[in-house]
Amino acid sequence: SLQLNQILNKIKEREVKVEEVVNETLKQIEKCKPLNCFITINDSSSLLEQAKQIDQSDDLTKKLIGIPIGIKDAYCTKNIRTTAASKMLEDFKPIYTATVVQRLIDSGSIMVGKTNMDEFSMGSTSKSSFFGPVINPWSTKSGYERVPGGSSGGSAAAVASYCSYAAIGSDTGGSVRQPAAFCGIVGFKPSYGMLSRFGLIAFASSLDTPGIFTRSVTDTTLVYDSMVGRDFNDSTSIDANENCSNSFDHLELFKSKYKKGSGLKGVKIGIPIEFNVEELSNTMRELWQYGIDLLEQEGAEIVSVSLPHTKYSLATYYIIAPAEASSNLNRYDGIKYGHKVQTKKVLTLNEFYQQSRSEGFGTEVQRRILMGNFCLSRDSFDNYYGKAQKMRMLIKQDYQRIFDSGISFILTPTTPTPPFLISKQSSNPTEEYLNDVYTVPISLAGLPAISLPIKRSFENFEGQSGLPLSLQLISRWRQENNLLNVAWCLEQNANMQQLKLEEIEF
Amino acid sequence: MYRNLNIFRSYSTSWESVIGVEIHAQIKTTTKLFSNAPNSFASLPNTLVSLMDCSYPGSLPSLNTRCVSLAIKTGIALNCKVNKKSYFERKHYFFPDLPSGYQITQQSIPLLINGHLTITMPDYEKTIRIQQIKLEQDSGKTLSDIDRDLSMIDLNRAGTGLMEIVTEPDLSSSNEVAIFIKNVIGILQTVGSCDCNMDQGSLRCDVNVSVKRKGGKDGTRCEIKNLNSIKFITKAIEFEVQRQIKIIEENEIVTQETRFYDASKDITYFLRSKENFVDYKYFFEPDLLPLEISENEINSLKNRLPELPQLKRERFILQYKLNNFEANLLVEDNFYSNFFEQCLGLKRCPTKIANWIINILFRLLPNRRECTLTPFQFCFQVKFVIKLIIEGNKEPIEDIVENFNSQSNYQNLNFFCEEVISNYPEQVAKFKSGNINIINFLVGKAVKK
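Scoring rules and cut-offs
- Residues numbered from 1 in each chain as written.
- Chains lettered and ligands numbered in written order.
- Predicted model: local features only at pLDDT ≥ 70, side-chain atom pairs only at ≥ 80, totals over all residues.
- Heavy atoms only, no water.
- Helix = DSSP H or I, 4+ residues; strand = E, 2+ residues; numbered from the N terminus.
- Contact = heavy atoms within 4.5 Å.
- Areas by Shrake-Rupley, 256 points an atom, 1.4 Å probe, with all protein chains shown as cover.
- Rg over C-alpha atoms; globule rule 2.2 N^0.38 Å.
- Buried < 20%, exposed > 50% of the residue type's maximum accessible area, 1.4 Å probe, protein only.
- Polar contact = N/O pair within 3.5 Å; in protein donor to acceptor, adjacent residues only side chain to side chain.
- Pairing = 2+ DSSP bridges.
- Buried area = accessible area lost by both parts, 1.4 Å probe.
- Salt bridge = Lys/Arg side-chain N within 4 Å of Asp/Glu carboxyl O.
- Nonpolar A, V, L, I, M, F, W, Y, C, P; charged D, E, K, R; others polar.
- Core = buried A, V, L, I, M, F, W, Y, C linked by side-chain atoms within 4.5 Å.
- 1 Å grid on protein atoms, 1.4 Å probe; cavity = no way out; pocket = protein on both sides within 12 Å on 5 of 7 lines; lining within 4 Å.
- Points joined across faces, edges and corners; volume = space filled by probe spheres on them.
- Axes fitted to C-alpha atoms, helices over the stretch in contact; angles between N-to-C directions.
- Parallel < 35°, antiparallel > 145°, perpendicular 65-115°, else oblique.
- pLDDT = per-residue confidence, 0-100.
- Patch = residues over 30% accessible without salt bridge, like charges linked within 9 Å, V, L, I, M, F, W, Y side chains within 5 Å.

Caption draft 1: Representation of the overall build of chain B within the structure. Along the backbone of chain B there are 14 helices and 16 strands. A fraction of 68% describes how many contacts in chain B between residues 6 or more apart in sequence connect residues 24 or more apart. Here chain B has roughly 21,400 Å² of accessible surface; of this, 50% comes from carbon and sulfur atoms.

Now the structure itself:
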């Protein structure tokens, strides 16, 4: 139950063997099988072989040497099944590895498996997976299971249940931050473009951002540093300058100079009034205030700010994302790869497309494709996609204005509620979309943000107390290092009681 | 049925044809537009396909800037304005040879707009406006004639860069269209952005044809596709114009259609109706940044443009005293304008050389570009061949003229030369008695055959 940075030190000091680490991890994965965190678990003998190789080698300098890591099944991994949790890619084995995954492998980490998720990254519960739902390790009591969040729920649950020391997911509208919040761990989404999307099975191209799950901010810096850097395979990938690279070293420097009680002197934190909606539960509002107090105690100045276009964020997102998704998913036609309709009947070309795609895609995916097609259709384009793009610009400008006025960070809750029951049925399919209300505006603006577990709930929520509650910290574009520094500060002061190994029982 | 539109015109000058042209020119780069797969013709199927070209999950486009440079040079040569910021968009439809289910193209803001090209017809000059030139991906190929039950998809061509050159409907006859396309080919070859090989499909043309009575309102236009030679383009236009005129004269209505040209029957036939329009759901390509070109880049490309055909033609007329007709023909093809000037380096008689090229090479060689004679061989040895035959030399021509194109051409040349010699004994005698220049007369006669 150590953190990544702690076990990394032990490995480098040869205090512990990688083989032991991997063995422990494999045992934990076996124990936590009921959580359904993984779609594919890599063969244990080959993992142990990798571990032995590292133990026998002289060189342990690589950044993440010997660290077991989970990879969301939306990332292509060479020769290892990659499904995007869909029947469409049930048996798909890519011929190449995504850039960010390759960089993690090159840093010496050991990929233990591909984690479960919402199908094609569409959802915030991880219930829509073709391979069954993921269960939140905070609530394993039969009949009272909770969602881990989504779409990267498997990655979040894997890290929270100690099945890996870190995991990567992808965040389009909150798909890393929200499951991190629901699983009580750190979820980091850098600026759009900071991490390469090459090899990430696309959902919404202008929003998809690779993200990182760990159990501490320090761990996050280590993983981030291994992944960051421009990739010419991705035209939207940007250079990392000194404000958004070498975050581990920057954090160490920050820690060494930090003075408790005044470490955040001169830092202005914005609290957006429009995020304080009536629907926000008292639990969350108190949590928010708690976080504000913690930062104030460290010397930060708290300022009320206005982001007037916030209320249009969800509608804007739920036009742009499905529109781009419907386009990105056109390629799944059963001809080149993926699911193909099997029939002895002679079909017309259109029938072939329709049946292959209807069989291969789940309900939520089909729903979003239809929504997207509608928003892009000639008669609706101006009123939907066209307007949404304009609104997106206005939302971006809201944040720009705040940061230009001297605010360095914005603090908000990550989710409107604690993690809810899997059995909870919504009366209409779009109700689930309201989970994203605090994460989506930041995705539209392309800003870096991190979700931090702050404390466990005192009140009962749907039959359970002691559930993880998290806050979200947002910074200006390309200020990852500063964001992580202040996040560390909040983490230290919050002193969250993380999920213990003993608490995970079946 | 009248085949020659000019004849038709003199009988009924009340009809006008309104024609627009869309030229798809494959950009001559070593790799494709958004992927680094090789761009080459005639490879084994599906061997030039990168992740991007078969739309593999997780693949992303990466712009080949050389394609952009060549397109800009082409546009400048066609007097276009460069849009300093243009955008790529996705055009969606489902078809097996379009792996992503969308084509990356330009729609609302293309790279180049508002150009023009002035063509020289026998009696007049006309300026044809170029609406736009846009960059886009080529699709793969669907082959349905190899196997009765299967459609074969070859993605080698998928993702190759294309320049789509679209004119306003300023053209009024099949002849104008032919001259226009030849001029565009000349420019593309000179700039080096396309090898314009219509047989291999590196240059493809669609035409939009409508007719109207002089002074009347515009007619409905039909699009004709599948035209892979200038000859077929001309014939298809002529057929289509008459088809439409006949329909209107019979008080019927021309419907907006896409038609194919059948070369064997010399007709256009209905392919699909344009009335059920396809909604392509265009939106800006999110995986690519807007295409931004600076003033400096534009100027630099402008300065690196070689001498364009128009200027070359004027120079040939001025400098070498060629006439319009000769100058046009020579300038049409980059290879031959260079060949001509190289020959001039060896033998300073431009009119004669021009004459020889036009009357000998262009007539003898079925595909003008395949002349493998060097300028030296051409200048000194064709005459030599005839001289030798007259002198009774029975040596095989192969030994005298190396690398001439095909056996059949040797035989033709030999045959024609022999014929001429037997037909003009008087001139042969004059030659044998020392009048060397008479050989030109004989050469001229040989060539006329």
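Caption draft 2: Highlighting the overall build of chain A. Secondary structure assignment for chain A yields 15 helices and 11 strands. On C-alpha atoms alone, chain A measures out to a radius of gyration of 22 Å, which is about the 23 Å that the 2.2 N^0.38 rule sets for 506 residues. With the C-alpha coordinates aligned to their principal axes, the bounding extent of chain A is approximately 75 × 60 × 50 Å. Within chain A, the proportion of its 506 residues that are buried is 63%. Relative to all contacts within chain A whose residues are 6 or more apart in sequence, the contacts with residues 24 or more apart total 79%.

Caption draft 3: Structural detail: helix α4 (residues 99-106) of chain A. All names here are of chain A. Along α4, the positions that sit buried rather than exposed are Thr99, Val100, Val101 and Leu104. Of the surrounding elements, those touching the buried residues of α4 are β2 (68-72), β3 (110-115), β4 (166-171) and α7 (217-227). Looking one or two places after α4, you find Gly108, whose phi comes out positive at around 95°.

Caption draft 4: Inspection of the side chain of Asn39 of chain B at higher detail. All names here are of chain B. Among the structural elements, Asn39 can be located in the loop between β1 (15-26) and α2 (65-77). At a separation of 3.2 Å, a polar atom in the side chain of Asn39 contacts the main-chain carbonyl oxygen of Ile27. A distance of 3.0 Å separates a polar atom in the side chain of Asn39 from the backbone oxygen of Thr29. Residues contacting Asn39, with those up to four places away along its chain left out, are Ile27, Thr29, Thr30, Thr31, Lys32 and Thr160.

Caption draft 5: Molecular detail of the sheet that holds strand β4 (residues 89-92) of chain B. Residues and elements named next belong to chain B. Judged by pairing direction, the sheet is antiparallel, and its three strands sit side by side in the order β5-β4-β15 without closing on themselves. Where the open sheet ends on each side, the last strands, each with one partner, are β5 (102-105) and β15 (283-284). Here two bridges tie β4 to β15, and the two strands are oriented antiparallel to one another. In the strand pairing of β15, Glu89 is matched with Phe284.

Caption draft 6: View of the interface of chain A and chain B. At the interface, 38 residues of chain A touch 29 residues of chain B. Between chain A and chain B lies a buried interface of about 2,800 Å² when both sides are counted; carbon and sulfur atoms form 58% of it. At the surface where chain A touches chain B, the tally comes to one salt bridge. Between Asp287 of chain B and Arg197 of chain A there is a salt bridge; the shortest N-O distance is 3.0 Å. Counting the contacts that link chain A with chain B gives 19 residue pairs in polar contact (both at pLDDT 80 or more). Partitioning the side of chain A that touches chain B into residue classes produces 18 nonpolar, 11 polar and nine charged.

Caption draft 7: Representation of the nonpolar core within the structure. Formed by 157 residues in total, the largest nonpolar core has its most connected members in Phe120, Tyr399 and Leu411 of chain A. The residues contacting Phe120 of chain A, other than those within four sequence positions of it, are Ala84, Ser86, Met88, Leu89, Ile201, Phe203, Leu329, Tyr332, Phe361 and Val365 of chain A. With 67 residues, the next largest nonpolar core counts Cys67, Val191, Ile293 and Leu308 of chain B among its residues.

Caption draft 8: View of empty space enclosed by the protein. Residues and elements named next belong to chain B. For the structure on display, the rule yields eight cavities of 30 Å³ or more. Roughly 100 Å³ of internal volume is contained in the largest cavity. Together, Met52, Asp53, Leu98, Pro99, Ser100, Tyr102, Gln103, Gln137, Asp138, Ser139, Ala158 and Gly159 line the largest cavity. By residue class, the composition of the lining of the largest cavity is five nonpolar, five polar and two charged.

Caption draft 9: Looking closely at the environment of Leu111 of chain B. Residue and element names in this part refer to chain B. Within the secondary structure, Leu111 is located in the loop between β5 and β6 (112-120). Judged by relative accessible area, Leu111 falls into the buried class, the value being 0%. Considering only alpha carbons, one finds Leu111 and Cys80, 31 residues apart in sequence, at a separation of 9.5 Å. Beyond its immediate stretch of four places on either side in the chain, Leu111 contacts Val68, Ala71, Ile72, Lys81, Val82, Asn83, Ser86, Gln106, Ile133, Leu135, Leu291 and Ile293.

Caption draft 10: Looking closely at the packing of helix α10 (residues 313-328) of chain A against helix α12 (residues 363-376) of chain A. Residue and element names in this part refer to chain A. Look at α10 against α12: their axes get within 7 Å of each other, and the N-to-C directions meet at 100°. It follows that α10 is roughly perpendicular to α12 by the angle criterion. Listed contacts from α12 to Tyr318, Ile319, Pro322, Ala323 and Ser326 of α10 are Arg368, Ile369, Met371, Gly372, Asn373, Cys375 and Leu376. In the contact of α10 with α12, the residues fall into eight nonpolar, three polar and one charged.

Caption draft 11: Local environment of the confidence of the model for chain B. Residues and elements named next belong to chain B. Per-residue confidence for chain B averages 84 on the pLDDT scale, and 81% of its residues sit at or above 70. When the criterion is pLDDT under 50, residues 6-11 qualifies, and its contacts beyond four places in sequence or with other chains add up to four contacts. Across residues 400-408 the pLDDT falls below 50, and counting only partners more than four positions away or on other chains, this stretch makes 23 contacts in the model.

Caption draft 12: Structural view of a nonpolar patch on the surface. On the surface, a cluster of nonpolar side chains totalling about 220 Å² of accessible area is made up of Ile335 and Leu349 of chain A together with Phe95 of chain B. Position of Phe95 of chain B relative to the elements: it lies in the loop between β4 and β5. With relative accessibility at 36%, the residue Phe95 of chain B sits in the partly exposed group.

Caption draft 13: Quick look at the sheet that holds strand β12 (residues 222-227) of chain B. Residues and elements named next belong to chain B. A sheet is described by the order of its strands in space; here nine strands give the open sequence β2-β6-β7-β10-β1-β11-β12-β13-β14, paired in mixed fashion. Looking along the sheet, the strands with just one partner apiece sit at the ends: β2 (81-82) and β14 (267-273). In the sheet, β12 pairs with strand β13 (residues 257-262) via three bridges, with the strands oriented parallel. Within β13, the position partnered with Ile224 by the bridge is Arg259. Strand contacts of α2: β2, β6, β7 (125-137) and β10 (161-167), with the helix running at about 170° to β7, the strand carrying the most contacts. With respect to the sheet, helix α4 (residues 230-249) is in contact with β1, β11 (203-213), β12, β13 and β14, its orientation differing from that of β11 by roughly 25°.

Caption draft 14: Examining unusual backbone geometry more closely. Going from Gly150 of chain A to Ser151 of chain A, the amide bond is cis rather than trans, its omega being 10°. With respect to the helices and strands, the residue Ser151 of chain A is situated in the loop between β3 and α5 (153-160). Of note, Tyr162 of chain A is a non-glycine position whose phi angle comes to about 65°, a positive value. Examined against the element boundaries, Tyr162 of chain A turns out to sit in the loop between α5 and β4. Within the chain, Lys321 of chain B stands out as a residue other than glycine whose phi angle is a positive 55°.

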